[in-house]
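Coordinate inspection notes
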Amino acid sequence: MKALLLENIHPAAVDVLESRGLEVELRSESLSEAELIEALEGVALLGIRSNTKVTAQVLAAAPELMAIGCFCIGTNQVDLRTASERGVAVFNAPYSNTRSVVELVIGEIIALARRLPEKIQRMHDGVWDKSARGSHEVRGRTLGIVGYGNIGTQLSNLAEAMGMRVVFFDTADRPAHGNAQRMRSLKELLSVADVVSLHVDGRLGNEGFFGAEQFAAMKPRALFINASRGMVVDDLALRDNLLSGHIAGAAIDVFPVEPKAQGEPFESVLRGLDNVILTPHVGGSTQEAQEEIGWFVAGKLVSFAQAGSTALSVNLPVVNVTPEVHEHRIGILHANVPGVLAEFNSMLASEGDNVTGQQLATRGDLGYVVTDAASELSEASLERLRAQKHCVWVRTW
């Protein structure tokens, strides 16, 4: 079984996969659609980060592909609907780099409040500018967090520990941490926040959701941070507000268009502004986070490929079975319709096979059953299962 890992995935992932007997091909760059289709020939497991797009066309051209590991938080770079229809499991790392992103944002809040980007540049230019003008402590300032998920909540905790007041807005019903206050609308948050930090996901509905109208609603001289998704923010509108002085400073880690590989040219309308921190999508790029992500996601890929576990899959029904396969294991992914499990169990009974363990889960239009049996099901019976009109795939371990 072969795995293809793209975009400089941490060597920990290679160690996990190779230790379980997989052949691993490691590439440093992301791939275009055509390049990915060509590279996926003979590949069962694909590992990507945020730049490689797995489209419906890619999935249709990769019949041997069993699973995709997104070695990051987001999964919007994968066509999840098509992956589900084709029975390709998708996994991610929803928690592993949370702390790294939060620490970067905390550092940026302090740096912007103290006007460090401007001070640092002047020092490099040979200008001594020892002045407190425009520099502030963050203690007592109000941080507005837009998107109160794993990263937003941990940012809330650390910011409050530094003495900041925290307000947040989220379309989901999420409990407040500590003394954080929920705002009834984004507009209400923008009207009171001294710092606005975005932590929303990459769903299509969020594209361009923070633009000229939202910047205009922010407090004069507020600070703006985006460490979520590049397509969420209108960078031209941000530039206009920075140049006018309405926004005092910004820190941007993600961009609508990002280079595919190390060393490629980077273009942005925000380049050259001395009150802007630009970083190359490194929010989660610490050695600690990347090692944890590599270990975590690779483990999920191996557990699925070699034992049938879909624990923490973002698109398939979740069946959490132990990696150790006892007796004979059969997994069936099928349309979520009545009668499939009954027919399967009837087939086992007709062959005199004894079921030692069985788990079933459904998710949307799909059902997934994993069965441990005392003896091996005949190839003829497996073919009968595969021939069922509601069957997506049948696998044995």
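Details of the structure are given in the entry above.
Notes on the structure follow. Remember, it's a predicted structure, so these values are computed and weren't measured experimentally.

**Digging into the overall build of the protein**
Counting its regular elements, the protein contains 13 helices and 16 strands. Its C-alpha atoms give the protein principal-axis dimensions of about 85 × 45 × 30 Å. When each of the 397 residues of the protein is scored for burial, the buried share is 50%. Considering only intrachain contacts with a sequence separation of at least 6, the fraction spanning at least 24 residues in the protein is 62%. Between the mean site of the 35 positive side-chain charges and the mean site of the 48 negative ones, the protein shows a separation of 9 Å.

**What about the pattern of salt bridges?**
Under the defined criterion, the tally for this structure stands at 18 salt bridges. For R27, the salt bridge identified is with E25, shortest N-O distance 2.9 Å. The class of R27 is partly exposed, set by a relative accessible area of 26%. In this structure E25 comes out as partly exposed when scored by relative accessible area, which is 23%. Linking R184 and E188 is a salt bridge whose minimum nitrogen-to-oxygen distance equals 3.4 Å. E188 sits in the partly exposed class, given a relative accessible area of 24%. Look at the salt bridges and you will find they share partners, linking R115, E118, K119, R122 and D129 into a network.

**Notes on the sheet that holds strand β10 (residues 222–226)**
Strands pair in a sheet through their backbones, by hydrogen bonds, and they do so in one of two ways: parallel or antiparallel. Here we have seven strands laid out as an open sheet, ordered β8-β7-β6-β9-β10-β11-β12, and parallel in their pairing. Whereas interior strands pair on both sides, the edge strands pair on one side only; in this sheet they are β8 (181–182) and β12 (276–278). Both strand β9 (residues 195–198) and β10 contribute to a ladder of four bridges, which runs parallel. Bridge pairing in β10 places V195 opposite L223. Running at roughly 150° to β10, helix α5 (residues 98–113) makes contact with β6 (142–146), β9, β10, β11 (247–252) and β12 of the sheet. With respect to the sheet, helix α7 (residues 150–161) is in contact with β6, β7 (165–169) and β9, its orientation differing from that of β6 by roughly 175°.

**What about the nonpolar core?**
Core analysis: the largest hydrophobic core is formed by 34 residues, its most contacted members being L5, L17, L45 and F71. The set of elements that each furnish at least two residues to this core consists of β1 (2–5), α1 (11–19), β5 (89–91), α11 (287–307) and β15 (366–373). Counting residues per element, this core draws most heavily on α11, which supplies eight residues. In contact with L5, not counting residues within four places along its chain, are A13, V14, L17, V24, E25, L26, R27, G47 and F71. Membership of the second largest hydrophobic core comes to 28 residues, among which are V196, F224, A237 and A250.

**Some words on the sheet that holds β1**
As summarised here, the arrangement of the five strands in space is β2-β1-β3-β4-β5, forming an open sheet in which the pairing is parallel. Two strands close off the open sheet at either side, each with one partner strand: β2 (23–26) and β5. Within the sheet, the average angular offset between the axes of one strand and its neighbour, ignoring direction, is 15°. Most of the contacts of α11 go to strand β4 (residues 67–70), to which it runs at about 170°, and overall it touches β3 (45–48), β4 and β5.

**A look at the layout of surface pockets**
Unfilled space is identified by rolling a water-sized probe across the atoms. By volume, the second largest pocket is sized at about 530 Å³. Around the second largest pocket sit 26 residues that line it, and G134, R221, L223, A248 and G249 are the ones nearest its centre. Residue assignment for the lining of the second largest pocket shows that the elements contributing at least two residues are α5, α6 (116–124), β10, α10 (235–244) and β11. Counting residues per element, the lining of the second largest pocket draws most heavily on α5, at three residues.

The rules behind these values
Note that residues are indexed from 1 along each chain, following the sequence as it is written. Selection of residues for local features in this predicted model requires a pLDDT of at least 70, selection of side-chain atom pairs for listing and counting requires 80 or more, and totals for whole chains, interfaces and linings are taken over all residues. Hydrogen atoms and water are omitted, and side-chain values are computed over all heavy atoms in the structure. Secondary structure elements are taken from DSSP: a helix is a run of H or I of four residues or more, a strand is a run of E of two residues or more, and numbering for both begins at the N terminus. Each residue's exposure class comes from its accessible area (1.4 Å probe, protein chains only) as a fraction of the maximum for that residue type: buried when under 20%, exposed when over 50%, partly exposed otherwise. By the convention used here, residues are in contact when the closest approach between their heavy atoms is within 4.5 Å. Charge convention: Lys and Arg are scored as positive, Asp and Glu as negative, and His as well as the terminal groups of each chain are ignored. All charge positions are set by atom: Lys at NZ, Arg at CZ, Asp at CG, Glu at CD. Definition used for salt bridges: Asp or Glu carboxyl oxygen within 4 Å of a side-chain nitrogen of Lys or Arg. Paired strands, as defined in this entry, are two strands with at least two bridges between them according to DSSP. Here an axis means a line fitted to C-alpha atoms, over the contact stretch when the element is a helix, while the angle between two N-to-C directions is reported on a 0 to 180 degree scale. Nonpolar cores are built from buried Ala, Val, Leu, Ile, Met, Phe, Trp, Tyr and Cys residues. Side-chain atoms within 4.5 Å join them into one set. Think of a 1 Å grid over the protein atoms and nothing else: a 1.4 Å probe that fits but is trapped marks a cavity, an open set flanked by protein within 12 Å on at least five of seven lines marks a pocket, and residues with an atom within 4 Å of a point count as lining. Grid points are joined across faces, edges and corners, and a volume is the space filled by probe spheres set on the points.

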